[in-house]
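A closer look at the structure
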Amino acid sequence: MADQPSTPAAAAGSPTGPASPASAGGSPSTHVVPQQAELVAGPDPEGPEDEDDFDGDSDSALGDDAASSTNSITASIMEYRTIQGRTYHSEKHNSKYFTPNDEQQLQSQDITHHYLTLLIGDKLFLAPIPENVERVLDIGTGSGIWAIDFADQFPNAEVIGTDLSPTQPLWVPPNVKFELDDCTQPWTWAEDTFDFVHGRYLFGAIADWTEWFRQAYRVTKPGGWVESCEADVEILSDDGTVTPDSSTELFWNMLYRSAGAKLGVTFQPLLENVQNKGLEEAGFVDIQSYTYKFPVGGWPQDKRLQEVGQYVQLTMLNDVEGYTLFLWNTVMGENAPGYQEYLAYMRKELRNKRIHGYMKCRFVFGRKPEKTATA
Ligand SMILES: C[S@@+](CC[C@H](N)C(=O)[O-])C[C@H]1O[C@@H](n2cnc3c(N)ncnc32)[C@H](O)[C@@H]1O
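Residues numbered from 1 in each chain as written. Predicted model: local features only at pLDDT ≥ 70, side-chain atom pairs only at ≥ 80, totals over all residues.

**Digging into the sheet that holds strand S4 (residues 158–163)**
In plain terms, the rule: One requirement defines pairing of two strands: DSSP has to find at least two bridges between them. We count a stretch as a helix when DSSP gives it H or I for four or more residues in a row; a strand needs E for two or more, and each element gets its number in order from the N terminus. Interaxial angles span 0 to 180 degrees and are taken between N-to-C directions of axes, which are lines fitted to C-alpha atoms, for helices over the stretch in contact.
If you walk across this open sheet you meet the 7 strands as S5-S4-S3-S6-S7-S9-S8, and the pairing is mixed. Each edge of the open sheet is held by one strand with a lone partner, namely strand S5 (176–180) and strand S8 (285–295). The sheet shows a mean angle of 15 degrees between the axes of neighbouring strands, direction not considered. Taken together, the 9 bridges between S8 and strand S9 (residues 358–367) define a ladder with antiparallel strand orientation.

The following block contains the structure:
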């Protein structure tokens, strides 16, 4: 079983799966955070190893609302870099972010959003923010799906989502807006601006996590909350079904390990404990941390984890190339041979129900203390 939520608040969560409704407004002591069911495999499947959990075209169920521009964008921002037909964020930013910003990758982001909310009991976040939350910031918003859902759920809040690319839809709730901003540069908002700052799946994007949390602290209002959700990208197994000679190990895990070192960023933020450390060093209090194992594929016994795993498989099958192309070129050299073969093997392993792979993600949140009379 994964590191389970271990605080008294967490112990109140459902032991059989994250099924409780969103619980905004609780105090840290009464706040209920869902626990994860045990991640064990269901019975061995019959039939071929590489049978998909999903039928048909992997992306056919997805809408096309992740449009590619916003109204106020100048032409230079739209001059994306292109690598083998995939587009990446504009050269204008110094950051070298590793996934494309095109429709195919945005679809994967939307599916990822779905499995992450499923994993934590159909919630968007775990921090005990108040119902009357006013100003909210979502850093590295991607397709904008979290910010849009948050704005829908809290119609009185004003939500800002930022990213390197203007890849968010045009038709959004009136209380959400998107801005271009590189979060590795000094943040432009004034001190004490936001009630809630959120960052999710920024692994591989941030060289200095301490600074990221310091900036988040500065722009958060006293009493406000910051929540970070990150994942370690390496795929593990507890029963040896991810073997040392698999493509999962030799291609996927190897790429992320090597590219992280080369690019000076981590794809293992949990292993390096960047979230807890960052929140503590910045000065946050009431920090709570919840780690979940999420399956790659629909192999678990537990129904909800099975569903989560099917969506994880879908997000990866939808765009294994998008997750790896830039890294392959970075680690192996531009257009190095063997890439297409690895992609094919990787897809086959992703479909193999006898491989019980999983990744880990962690939700960590903390509160900025109120100002004291002497502060
Ligand atoms: C994996 S996506 C996650 C999107 C979104 N947070 C979610 O969870 O649905 C990471 C996003 O971070 C953005 N990003 C990467 N580096 C960034 C930076 N330096 N400043 C702002 N956004 C960045 C990428 O463009 C991408 O859209």
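**Considerations on helix H6 (residues 274–282)**
Formally: For the exposure call, what matters is how many other C-beta atoms sit within 10 Å of a residue's own: 20 or more marks it buried, 12 or fewer exposed, and in between partly exposed, using C-beta atoms placed from the backbone. The arc under discussion is defined with respect to the helix axis, by the directions toward the C-beta atoms. It is the C-beta atoms, placed from the backbone, that decide contacts: two residues are in contact if theirs lie within 7 Å.
Taken residue by residue, H6 has Val274, Gln275, Gly278, Leu279 and Ala282 as its buried positions. All buried residues of H6 lie within an arc of 120 degrees about the axis, which places them on one face of the element. Those residues of H6 that are buried are in contact with helix H4 (209–219), strand S7 (220–236), S8 and S9. Where H6 terminates, the next one or two residues include Gly283, which has phi positive at roughly 110 degrees.

**A short note on the site of the ligand**
What counts here: Residues are counted as near a molecule or strand when the C-beta atom, derived from backbone positions, lies within 6 Å of that molecule or strand. Gly is put with the polar residues, along with every residue not named as nonpolar or charged; the nonpolar set is Ala, Val, Leu, Ile, Met, Phe, Trp, Tyr, Cys and Pro, and the charged set is Asp, Glu, Lys and Arg.
Surrounding the ligand, one finds 21 residues, the nearest of these being Gly140, Gly142, Cys183, Arg200 and Ala205. For the shell around the ligand, the secondary-structure elements that each account for two or more residues are helix H2 (103–119), helix H3 (145–153) and S4. Per-class residue counts for the shell around the ligand are 8 nonpolar, 10 polar and 3 charged.

**Details of helix H7 (residues 303–318)**
Short version of the rule: By this rule, a helix spans an expected 1.5 Å times one less than how many residues it contains.
The first and last C-alpha atoms of H7 sit 22 Å apart over 16 residues, in line with the 22 Å expected at 1.5 Å per residue. When we look at burial in H7, the residues that qualify are Leu305, Val308, Gly309, Gln310, Tyr311, Val312, Gln313, Leu314, Thr315, Met316, Leu317 and Asn318. In this structure, the buried residues of H7 make contact with H2, S8, helix H8 (320–332) and helix H9 (339–351).

**Points about the packing of H2 against H7**
Describing two packed helices takes the angle between their axes plus the distance from one axis to the other. Stated precisely, the cut-off is as follows: These descriptions rest on fixed angle ranges, namely under 35 degrees for roughly parallel, over 145 for roughly antiparallel, 65 to 115 for roughly perpendicular, and the rest for oblique. Each crossing gets its hand from how the near helix is turned against the far one by less than a right angle, where anticlockwise is left-handed and clockwise is right-handed.
Following both chains from N to C, one finds H2 and H7 inclined at 165 degrees, their axes separated by 9 Å at the closest point. With respect to each other, H2 and H7 are oriented roughly antiparallel. Crossing angle aside, the handedness with which H2 passes H7 is left-handed. Contacts from Gln104, Gln107, Ser108, Ile111, Thr112, His114, Tyr115, Leu118 and Leu119 in H2 reach Arg304, Glu307, Val308, Tyr311, Val312, Leu314, Thr315 and Asn318 in H7. Of the residues belonging to the contact of H2 with H7, the class tally is 8 nonpolar, 7 polar and 2 charged.

**Focus on the nonpolar core**
Heads up, the condition is: Here, a nonpolar core means buried Ala, Val, Leu, Ile, Met, Phe, Trp, Tyr and Cys residues linked by C-beta atoms lying within 7 Å of one another.
Formed by 87 residues in total, the largest nonpolar core has its most connected members in Tyr115, Leu126, Phe150, Val197, Ala216 and Phe294. A total of 7 residues in this core trace back to one element, the largest contributor, which is H7. Among residues more than four places away in sequence, those in contact with Leu126 are Val33, Ile120, Glu227, Tyr290, Phe363 and Phe365.

Honestly, that's just the spatial picture; any functional story needs more than this.
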